[in-house]
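# A closer look at the structure
The residues making up each chain are set out below.
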Amino acid sequence: MSAQAAGCRGWKMLYGVTRPTIHIRCVSSTEAGSRPSEDEQLWETASPLPFSAARLGSFFQDRPVLKNPFLEDALLRGYLRRHLPQEAVFSDLLAFGNRVSAEVDGWGRECEVTPPRLVHFDPWGRRVDHILTSPAWKRMKELSAQEGLVAIAYERPMGEWSRVYQMCKLYIFSPSSGLYTCPLAMTDGAAKVIQSTGVSWPVEAAYNRLTSRQPEHFWTSGQWMTERQGGSDVGGGTATMAVPQSDGWYKLYGFKWFTSATDADMTLTLARVCDRSGATIPGSRGLSLFYAEVSRDHDGCLRGIEVQRLKDKLGTRQMPTAELLLDGLPAHRLSEEGRGVASIANMLTITRIHNSIAAAASMRRVVQLARDYATRRTAFGKLLKEHPLHMQTLARMEVETRGAFLLAMDVCRLLGREESAIASQFDTHLLRLLTPVVKLYTGKQTVAVVSEGLESFGGQGYMEDTGLPGLLRDAQVLSIWEGTTNVLSLDVLRCVHRSSGMVLHAYFTHAKSLLAGASSVSSLDPAVRAVDGALSELKGFVQEAATKAPGYLELAARDLAYSLARIYAGALLIDHASWKGSSPADIYAALRWCEQDLCIVASNKMRGCYDGNCPGLDSALVYEQPTEGKN
């Protein structure tokens, strides 16, 4: 038998088909009639090429595998062993983690590839404005009720630690939820507002639905605040009018520019009560908070609402976000007249904490997947996990993730104490300061960490069909929703001013107390010195800034907020690492965190970044115009 025949027989045995001999002809400029050179002769291969025709080759890269997020997260489990060592909590989170990895994550992907769509008219021309969502989106709602993702916070099965329990569950759920955590955040916020204003008719039934574990009974809430003229500036940007009715209710007329989770069952919204002449009070003092149900009449048409269009967003495509015309929407005034902005303060606390949890969860998810992938991907003759530079990069991402997690959980701890009526004035001040600080800082962290995480997958991190780019697109909203970085930085200044500095006193006192427990752990000494020194620098900056013009501190607001976050996260990491059940990795993470510039506001002050001439120079730089007559 010839070698060629033997080769063909081998292919037939392997694939069940006969492969013909492959002929490869060299292309040349040899003249007709001349003898081809040896290199230009016809070659016959004894064995076929592995990538010819429809053959794809023999190597396929293993994808990263999502394992149980609870079992894979050493910090989460260590934190709970220390603060909430309840068997019921561990069993629930273990089972939920299994469900997330085995089932729910697939639903989240379905929500991503089957985004909502708007149907304006039925086949007979009647306007119906149906927002059609995927079956997986509806399953997310059922799961949220069954797992008590809102209810836990109001049942309080773990007392003051119930918020931590709830948020740990959301932390596991968030990256796989298809963004269903966004309507859950607003639902939680709405329940909190109703609870704080008084659970009575006509919102008692709504409150019971928002906090229900029964899927057929459970409601979600929207949050319709943003109008064309402003996002965070609701006082200056809200034009919606509330017209009083004879039965004590109101009808709302206005245009809501950005309404998240528009398929919700109810909503809270701001509007201006008008008098008989149609006049309203301008500014924040003219705003009241209203409750409205999303319902349809007997013809299937929305009552008092027209859905203009769905928003075309960078990320969060799984969730319907729409522009709405309110045209006589029946509503009940929930707040005292003119007290709308004050009434949503509790809601903002809740939604900003949810935002922080989502940020930490996104970071944890990309680190978990990258860590798994490093055990499967070989480059330059070694697994990725065997390349020191790659592991250094993942370690830096891990340190950021740990800092974000502990920041977010500490705010949850403080909220739980407040809701259990055991919070001191000290706790209340700390919660007020840390809520915007943690939200703004984790929102910025997650974009950087998730972006770095995509690099660890190489080109596959850029391919939409892997599902990985969606992590980055969705992360970007977290620095924008519920207050941008600059808006929240100014909110930090506002709470310092309104408390006459008491929020900072609480901050310095508690940060110092967190360091005290590390006195017996000598390996943490460098980190303790770094945080202690940063606290002194921060205190010195605050004292000096108090003697400056108001514009000085405003210009430093962003760096001040970053410094508050970095120093406090360092103190939390040190505190966790000094616990008797900590691991060597906990100590290493604390040391690595504290190597960075913890008090950037002091560093930038030394560079003159907040001097009086800086705003003018900044403006001149941004708006520099080309000079005429120069090449």
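Just so you know, these numbers come straight off a predicted model, no measurement behind them.

What counts and how
- Residues numbered from 1 in each chain as written.
- Predicted model: local features only at pLDDT ≥ 70, side-chain atom pairs only at ≥ 80, totals over all residues.
- Heavy atoms only, no water.
- Helix = DSSP H or I, 4+ residues; strand = E, 2+ residues; numbered from the N terminus.
- Buried < 20%, exposed > 50% of the residue type's maximum accessible area, 1.4 Å probe, protein only.
- Lys, Arg positive; Asp, Glu negative; His and termini not counted.
- Charge placed at Lys NZ, Arg CZ, Asp CG, Glu CD.
- Axes fitted to C-alpha atoms, helices over the stretch in contact; angles between N-to-C directions.
- Parallel < 35°, antiparallel > 145°, perpendicular 65-115°, else oblique.
- Left-handed = near helix turned anticlockwise from the far one by under 90°.
- Contact = heavy atoms within 4.5 Å.
- Salt bridge = Lys/Arg side-chain N within 4 Å of Asp/Glu carboxyl O.
- Pairing = 2+ DSSP bridges.
- Phe/Tyr/Trp six-rings, centres within 6.5 Å; stacked < 30°, edge-to-face > 60°.

This part covers the overall build of the protein. Within the protein, the regular secondary structure consists of 22 helices and 13 strands. By the burial criterion, 50% of the 631 residues in the protein qualify as buried. Counting 68 positive and 67 negative side-chain charges, the protein places the centres of these two groups 2 Å from one another.

Moving on, we get to the packing of helix 3 (residues 87–113) against helix 6 (residues 162–173). At a minimum axis separation of 10 Å, helix 3 and helix 6 run at an interaxial angle of 20 degrees. Taken together, the axes of helix 3 and helix 6 are roughly parallel relative to one another. The two elements helix 3 and helix 6 meet at a crossing, and its hand is right-handed. Facing Val89, Asp92, Leu93, Phe96, Gly97, Val100 and Val104 of helix 3, the residues of helix 6 in contact are Tyr165, Cys168, Lys169, Ile172 and Phe173.

One pass over the structure, following the stated rule, counts 37 salt bridges. The shortest N-O distance in the salt bridge between Asp491 and Arg352 comes to 3.4 Å. Residue Asp491 is found in helix 15 (residues 485–498), and its partner Arg352 is found in helix 11 (residues 345–373); the two are separated by 139 residues along the sequence. Classification of Arg352 as buried rests on a relative accessible area of 12%. For Arg364, the salt bridge identified is with Glu398, shortest N-O distance 2.8 Å. Of this pair, Arg364 sits in helix 11 while Glu398 is found in helix 12 (residues 388–419), placing the two residues 34 residues apart along the sequence. Assigned by exposure class, Arg364 and Glu398 land together as buried. Taken together, the salt bridges that share partners define one network made up of Asp73, Arg364, Glu398, Arg402 and Asp586.

Within the element layout of this structure, Cys609 appears in the loop between helix 21 (600–606) and helix 22 (614–622). Overall, the relative accessible area of 31% leaves Cys609 in the partly exposed class. Sequence separation between Cys609 and Leu555 is 54 residues; the distance between their C-alpha atoms is 8.5 Å.

What follows is about the pairing of strand 8 (residues 266–273). A large share of strand 8 lies buried, amounting to eight of its eight residues. Alignment of strand 5 (residues 221–226) against strand 8, held across four bridges, turns out to be parallel. Looking across to strand 8, one finds that Gln223 is bridged to Leu268. Pairing analysis gives two bridges linking strand 6 (residues 241–244) to strand 8, with the strands arranged parallel. For Met241, the partnering residue across the bridge sits in strand 8 and is Arg272.

This next bit is on the packing of aromatic side chains. Enumeration over the complete set of coordinates arrives at 15 aromatic pairs. On the basis of an interplanar angle of 65 degrees and a centroid distance of 4.7 Å, the ring pair of Trp137 and Tyr180 is categorised as edge-to-face. Taken together, the positions of Trp137 in helix 4 (residues 135–146) and Tyr180 in the loop between helix 6 and helix 7 (181–197) put the pair 43 residues apart, joining distant regions of the chain. Owing to a relative accessible area of 3%, Trp137 belongs among the buried residues under this scheme. Its relative accessible area of 3% is what places Tyr180 among the buried residues. A centroid spacing of 5.1 Å and a plane angle of 55 degrees characterise the contact between Tyr171 and Phe405, whose relative ring orientation is tilted. With Tyr171 in helix 6 and Phe405 in helix 12, this pair connects stretches of sequence that are 234 residues apart. Both residues of the pair, Tyr171 and Phe405, belong to the buried class. By way of ring pairs, the aromatic residues Tyr79, Tyr171 and Phe405 are connected into one cluster.

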